[in-house]
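Letter by letter, the chains look like this.
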Amino acid sequence: MSDRPAGSCRVLILGAGMSGICAGIHLRRRGIDDFLILEKADRIGGTWRDNRYPGIACDVPSHLYSFSFEPNPDWSRLYSPGAEIQAYFEHCVDKYGLTPHLRLGREATGAVWDEHERVWRVTTAGGEVYEARVLMPAVGALHHPNIPEIPGIEAFEGRAFHSARWPDDVDLAGQRVAVVGSAASAVQIVPELAQVASSLTVFQRTPNWIRPRNDLRYAEAFKRAARLVPALGKLHRLQIYGLMEARFPMFLGEGRVQRKERKLCLDHLAAQVPDPELRRALTPDYPPGCKRMLVSDDYYPALCQPHVHLETHGIEQVVAHGVRTVDGRVHEVDAIVWATGFQVAADLTRFPIAGRGGRTLEEAWHRIVAAHRSLTVPGFPNLFLLFGPNSGLGHSSIIFMVERQVEYVMQCLEALGADPMATIEPTEQAFEEHNAELQRAMARTVWRSGCKSWYQDDHGEIFTLWPHSTLRFWAEMRRMRPEEYQIHR
């Protein structure tokens, strides 16, 4: 391998999903063209490229799950399907001229900070090396499937695959199908499979709170009006934002908003599931919001169909022709769909990043996963973690958060100025104070009420979510405070 880097640039973005695309667009809008975007796949898109299962859609209304600077008046539905969202991001790449900056099929395998040269060196699976003054990992959190460690998985003789790796050639019509999991992807997959499978067994470990989706198809007249009068689309987006933001107090424990949410979900369940035994099995025993809230109008009706069975006994073993539960029964199936989520905690350190002195992020996070303002970590100069720790949400659009992060990063780049050797990183004091406040706020939330979810790490610490409103995040990220950073020139 040559010592000469495959590419040198001012800014290197890792990942061409929503976050990486947003960062690239903001760089171009500020006249910064010296950047590259490495993407492990042969297409952009991230989540919406990888997830192609039947019924795939976002659980945030599309007019809010889109960039504020690039409204789309042509969304087909309130909750548009995944292929439409993927097409939207491909449109953004084309419109804002990101294609020349893309390096597809380059999977980053490690990054090391060179203190002498003041550059990040990123290696790829193909043996290439890229150098950059600024590194912006935008690798997301929901892309490494979580397959549960159940004895006998290798012995199964039928088709078995994760929901995020749905095969193009699979046909489950007339098949006996098992769906393992009952959360966000399962509530979209199950109604679709119930229409074609001869029998469908849904293995549920924990019931989830599900609110009505109330989806709708946008009329052509509305789309035309939004194209002619852009303010109409912006007003609709603001309306959606306000309605979703009003739900945030639900996460602060018992109160009027949470009681209202609980009643809404229980009324929805009662209206759609007449069988009292099935209704009991689908009723959570933890507060709304402790796990991810789900939205669906067709999941409960699907479970009520005679050829669909909800199984609440734990899985003991996978056998050649089915699944054996702890009560000794064998559920014979032809195919297993693992709707079991992602390895969120592991994803943060799966890609090794070594900062000053060779210290890795995994070592820096041995006690708690944290970042200053959700972006930066002491000892890691010029590193900005898009969709980093404590930037996720339980009630609104992550795109809102990522836009605020990227705008903040642009201020940090301006603080570095034209000096090619300049570096920026948070002070230890600012880092500690910021995260101490986050943990104090987190202690007051429903996420600390005892339920287990992918919001937590292996120690039960909640590293994924922002414990305040999105309005507060916007206010805190509006202005970069130089006193919180060490800037070396």
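A brief report on the enclosed structure follows. (Residues numbered from 1 in each chain as written. Predicted model: local features only at pLDDT ≥ 70, side-chain atom pairs only at ≥ 80, totals over all residues. Heavy atoms only, no water.)

Considering the sheet that holds strand β13 (residues 315–319)
Part 1 of the reasoning: Pairing in this open sheet of 3 strands is antiparallel, and the strands run β13-β14-β15 from one edge to the other. Strand pairing shows two members of the sheet lacking a second neighbour, β13 and β15 (330–332), which therefore form its edges. On average, each strand axis in the sheet is inclined to that of its neighbour by 25 degrees, with strand direction left out of account.
Part 2 of the reasoning: As judged from the 4 bridges shared by β13 and strand β14 (residues 322–325), these two strands associate in the antiparallel manner. Bridging across to β14, Ile315 finds its partner in Thr325. (Pairing = 2+ DSSP bridges. Helix = DSSP H or I, 4+ residues; strand = E, 2+ residues; numbered from the N terminus. Axes fitted to C-alpha atoms, helices over the stretch in contact; angles between N-to-C directions.)

Digging into the state of the cysteines
Part 1 of the reasoning: With the rule as written, the count across this model stands at 1 disulfide.
Part 2 of the reasoning: Between the sulfur of Cys290 and that of Cys451 lies a disulfide, 1.9 Å long from S to S. Disulfide Cys290 to Cys451: torsion about the S-S bond roughly -110 degrees, handedness left-handed. Remark: Cys451 occurs in the loop between α13 (428–442) and α14 (470–477) and Cys290 occurs in the loop between α8 (276–281) and β11 (294–295); sequence separation between them is 161 residues. Of the two residues, Cys290 and Cys451, both sit in the buried class.
Part 3 of the reasoning: Considering cysteine sulfurs only, Cys22 is the nearest to Cys92, which forms no disulfide, with 9.3 Å between them.
Part 4 of the reasoning: Since its relative accessible area comes to 0%, Cys92 is described here as buried.
Part 5 of the reasoning: Cys290 provides the cysteine sulfur closest to Cys265, a residue in no disulfide bond, and the two sulfurs are 14 Å apart. (Disulfide = S-S within 2.5 Å. Buried < 20%, exposed > 50% of the residue type's maximum accessible area, 1.4 Å probe, protein only.)

Digging into the nonpolar core
Generally speaking, a soluble globular protein has its nonpolar side chains buried in company with each other.
Part 1 of the reasoning: One finds Phe67, Phe89 and Leu413 to be the most contacted residues of the largest nonpolar core, which totals 95 residues.
Part 2 of the reasoning: No other element matches the 13 residues that helix α12 (residues 398–416) contributes to this core.
Part 3 of the reasoning: Counting residues in hydrophobic clusters, the runner-up holds 28 residues, among them Leu12, Leu14, Trp120 and Phe463. (Core = buried A, V, L, I, M, F, W, Y, C linked by side-chain atoms within 4.5 Å.)

Comments concerning the packing of aromatic side chains
Part 1 of the reasoning: What the rule picks out here adds up to 17 aromatic pairs.
Part 2 of the reasoning: A ring pair is formed by Tyr299 and Tyr300, whose centres lie 6.1 Å apart and whose planes are at 45 degrees; its orientation type is tilted. Accessibility classification places Tyr299 together with Tyr300 in one group, the buried group.
Part 3 of the reasoning: Ring centres 5.0 Å apart and planes at 80 degrees place the aromatic pair Trp466 and Phe473 in the edge-to-face group.
Part 4 of the reasoning: On the basis of relative accessible area, Trp466 is assigned to the buried category, the value being 4%.
Part 5 of the reasoning: When its relative accessible area of 1% is taken as the criterion, Phe473 is described as buried.
Part 6 of the reasoning: Of the aromatic side chains, those joined through ring pairs into one cluster are Phe67, Phe69, Trp75, Tyr88, Phe89 and Tyr96.
Part 7 of the reasoning: The ring of Phe69 has Arg29 sitting right over it, with the charged end atom 4.8 Å from the ring centre.
Part 8 of the reasoning: Residue placement shows Lys291 over the ring face of Tyr286; its charged tip is 6.0 Å from the ring centre. (Phe/Tyr/Trp six-rings, centres within 6.5 Å; stacked < 30°, edge-to-face > 60°. Lys NZ or Arg CZ within 6 Å of the ring centre and 35° of its normal.)

Observations concerning the packing of helix α1 (residues 18–29) against helix α3 (residues 82–95)
Part 1 of the reasoning: Following both chains from N to C, one finds α1 and α3 inclined at 25 degrees, their axes separated by 10 Å at the closest point. It follows that α1 is roughly parallel to α3 by the angle criterion. For the pair α1 and α3, the sense of crossing is left-handed. From α1, Met18, Ile21 and Ile25 reach across to α3, where they touch Phe89, Cys92 and Val93.
Part 2 of the reasoning: Class assignment for the residues of the contact of α1 with α3 results in 6 nonpolar, no polar and no charged. (Parallel < 35°, antiparallel > 145°, perpendicular 65-115°, else oblique. Left-handed = near helix turned anticlockwise from the far one by under 90°. Contact = heavy atoms within 4.5 Å. Nonpolar A, V, L, I, M, F, W, Y, C, P; charged D, E, K, R; others polar.)

Regarding the packing of helix α5 (residues 220–228) against helix α6 (residues 230–245)
Part 1 of the reasoning: One way to put it is that α5 packs onto α6 with a least axis distance of 4 Å and a crossing angle of 110 degrees. The pairing of α5 with α6 is recorded here as roughly perpendicular in orientation. For the pair α5 and α6, contact is made by Phe222, Ala225, Ala226, Arg227 and Leu228 and by Pro230, Leu232, Gly233 and His236, respectively.
Part 2 of the reasoning: Residue composition of the contact of α5 with α6, by class: 6 nonpolar, 2 polar and 1 charged.

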